[in-house]
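Results of the structural survey
Okay, here's what each chain looks like letter by letter:
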Amino acid sequence: MSNHDRNKKALLELLKRPVDSHCADCRAPDPEWASYKLGVFVCLNCSGIHRSLYSRVKSIKLDYWEDELVELMKSNGNASARALYEKAVPVYYYRPQENDCAVLRDQWIRAKYERMEFTGETKYPPISYTTGFYEGLLWKKGKENSQFLKRKFVLSEREFTLTYYNKEDESKGPKAVISIKDLNTTFQPEKIGHPHGLQITYQDDNHTRNLYVYHESPEEIVTWFNAIRAARYAYLKTAYPTGSDEELVPKITRNYLKEGYMEKTGPLQKESFKKRWFILDSQNRKLLYFKGQLDAEELGVIFIGTENKGYSVKECVPKHARGNKWKCGVSVETPQRQFLFMCEQEREQREWLDALRQVLSRPMAPQDYTIEANIKYKR
């Protein structure tokens, strides 16, 4: 056996260790690359970010490995790197997964290895998302048009509010003071059309409202994201004082289970179908629909309960409706009425049916009944 083959076999054996069988940064399974400068095994996507940090990266299967580098990987590995570089990650800090957007993975890796934010050493000045107060300018999409303009935002953990101003002159007061209580934020680069695009969703008088923002600096937008998560975590600790971190952390922010266009008809199912953008928020059991994917306010919302409460989801073919261009039907039955939607392709139909059934199959929590009672169905 050649030295190359022997070293390759030794590295592949290391990958059988449970902690090394997943990417050190995004947890993707079966990493095939390694940073021998740091002694960690990483996936292809994260290897590119490490290379941009001037970290020495090799392919486990394709590159030649010297004996001393193999020994270095044996003596280090993902577990030892985490003990050093992830020693003091705040519980609210978002740890990206393999399918998360590029800016989250990039800044997580840079925060760990370049800026050394989680080694537990006291830093001065303190890292921005740890202070409980953050302010700055973000590019925000206008409510009635697609133009993005600079707006000042102020986040206060003490007040549990996110405030923004329409003009840089604050003397006229804020445009909106948003409660952290029902706020969610999620990266939406493709929808917003910017690699750092962030969607902020909140409740206002029983309406769901969206803000679409971005910042040119990847570090700045991820700082905003984690500052908001810090404030949300502080609120949840106050609202649920006996809640464990295991229970509370998933509630800080969430990605939506499914989004996309479907056609929708009215309550009599004789009205013309109209194309609408739908968002399924599985945590709140809400199926929201908007005229367009970047609308500021929803047109309506449908609560998705459980079968024993009179809710159901099924594939269907409309009998009376007209104007529909798409042919793959989805029917959502509630105790109040039936909703009929049409998908463009069978794949989309299956994805919507699977996602809706996933919510339908989950038992309702006490807070779900409050959400259900506050929903008023629209056309």
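1. Topic: the overall build of the protein
Of regular secondary structure, the protein possesses ten helices and 17 strands. Overall, the C-alpha framework of the protein stretches about 75 × 60 × 45 Å when taken along its three principal axes. The burial tally for the protein puts 52% of its 379 residues in the buried class. When contacts within the protein are restricted to residue pairs at least 6 apart in sequence, long-range pairs at least 24 apart make up 53% of them. Here the protein displays about 19100 Å² of accessible surface, and carbon together with sulfur accounts for 49% of that area. Counting 61 positive and 52 negative side-chain charges, the protein places the centres of these two groups 5 Å from one another.

2. Side note on the pattern of salt bridges
For side chains of opposite charge, pairing can occur when their charged atoms come near one another. Within the structure shown, the criterion is met by 25 salt bridges. Note that Asp182 and Lys181 form a salt bridge whose closest N and O atoms lie 3.5 Å from each other. On the accessibility criterion, Asp182 (40% relative accessible area) is partly exposed. On the basis of relative accessibility, which here comes to 43%, the residue Lys181 falls in the partly exposed class. In this structure, Lys258 and Glu348 form a salt bridge, with 3.3 Å as the shortest nitrogen-oxygen distance. Of this pair, Lys258 sits in strand β11 (residues 258-264) while Glu348 is found in helix α9 (residues 346-360), placing the two residues 90 residues apart along the sequence. Exposure remark for Glu348: the relative accessible area of 16% places this residue in the buried category.

3. Description of the packing of helix α7 (residues 218-239) against helix α8 (residues 245-252)
Relative orientation of the contacting elements α7 and α8 amounts to 135°, with a least axis distance of 9 Å. With respect to α8, the axis of α7 lies oblique. Crossing angle aside, the handedness with which α7 passes α8 is right-handed. Seen from α7, the contacting residues are Arg229, Arg232, Tyr233, Leu236 and Lys237; seen from α8, they are Asp245, Leu248, Val249, Lys251 and Ile252. Partitioning the contact of α7 with α8 into residue classes produces five nonpolar, no polar and five charged.

4. Describing unusual backbone geometry
A cis amide bond links Tyr124 with the next residue in sequence, Pro125, at an omega value of -5°. The backbone of Phe160 sits at a positive phi, close to 55°, despite the residue not being glycine. Within the chain, Arg285 stands out as a residue other than glycine whose phi angle is a positive 60°. Inspection of the secondary structure assignment puts Arg285 in the loop between β12 (274-281) and β13 (286-290). Here Arg285 falls in the buried class, since its relative accessible area comes to 0%.

5. Examining the sheet that holds strand β16 (residues 328-333)
Read across the sheet, seven strands follow the order β14-β13-β12-β11-β17-β16-β15 without closing on themselves; strand pairing throughout is antiparallel. The open sheet has two edge strands with one neighbour each: β14 (300-303) and β15 (312-316). Ignoring strand direction, the axes of neighbouring strands in this sheet form an average angle of 35°. Pairing between β11 and β12: seven bridges, direction antiparallel. Of the residues in β12, the one forming a bridge with Met262 is Arg276. Against the sheet, α9 engages β11, β12, β13, β15, β16 and β17 (338-343), with an angle of about 165° to β15.

6. Considerations on the sheet that holds strand β2 (residues 40-42)
What holds strands together in a sheet is hydrogen bonding between their backbones, with the strands either parallel or antiparallel. Strands sit in the order β2-β1-β3 across an open sheet of three strands; the sheet is antiparallel. Looking along the sheet, the strands with just one partner apiece sit at the ends: β2 and β3 (57-59). Between one strand axis and the next, the sheet turns by 30° as a mean value, whatever way the strands run. As paired elements, strand β1 (residues 33-35) and β3 share three bridges and run antiparallel to each other.

Conventions adopted
- Residues numbered from 1 in each chain as written.
- Predicted model: local features only at pLDDT ≥ 70, side-chain atom pairs only at ≥ 80, totals over all residues.
- Heavy atoms only, no water.
- Helix = DSSP H or I, 4+ residues; strand = E, 2+ residues; numbered from the N terminus.
- Buried < 20%, exposed > 50% of the residue type's maximum accessible area, 1.4 Å probe, protein only.
- Contact = heavy atoms within 4.5 Å.
- Areas by Shrake-Rupley, 256 points an atom, 1.4 Å probe, with all protein chains shown as cover.
- Lys, Arg positive; Asp, Glu negative; His and termini not counted.
- Charge placed at Lys NZ, Arg CZ, Asp CG, Glu CD.
- Salt bridge = Lys/Arg side-chain N within 4 Å of Asp/Glu carboxyl O.
- Axes fitted to C-alpha atoms, helices over the stretch in contact; angles between N-to-C directions.
- Parallel < 35°, antiparallel > 145°, perpendicular 65-115°, else oblique.
- Left-handed = near helix turned anticlockwise from the far one by under 90°.
- Nonpolar A, V, L, I, M, F, W, Y, C, P; charged D, E, K, R; others polar.
- Pairing = 2+ DSSP bridges.

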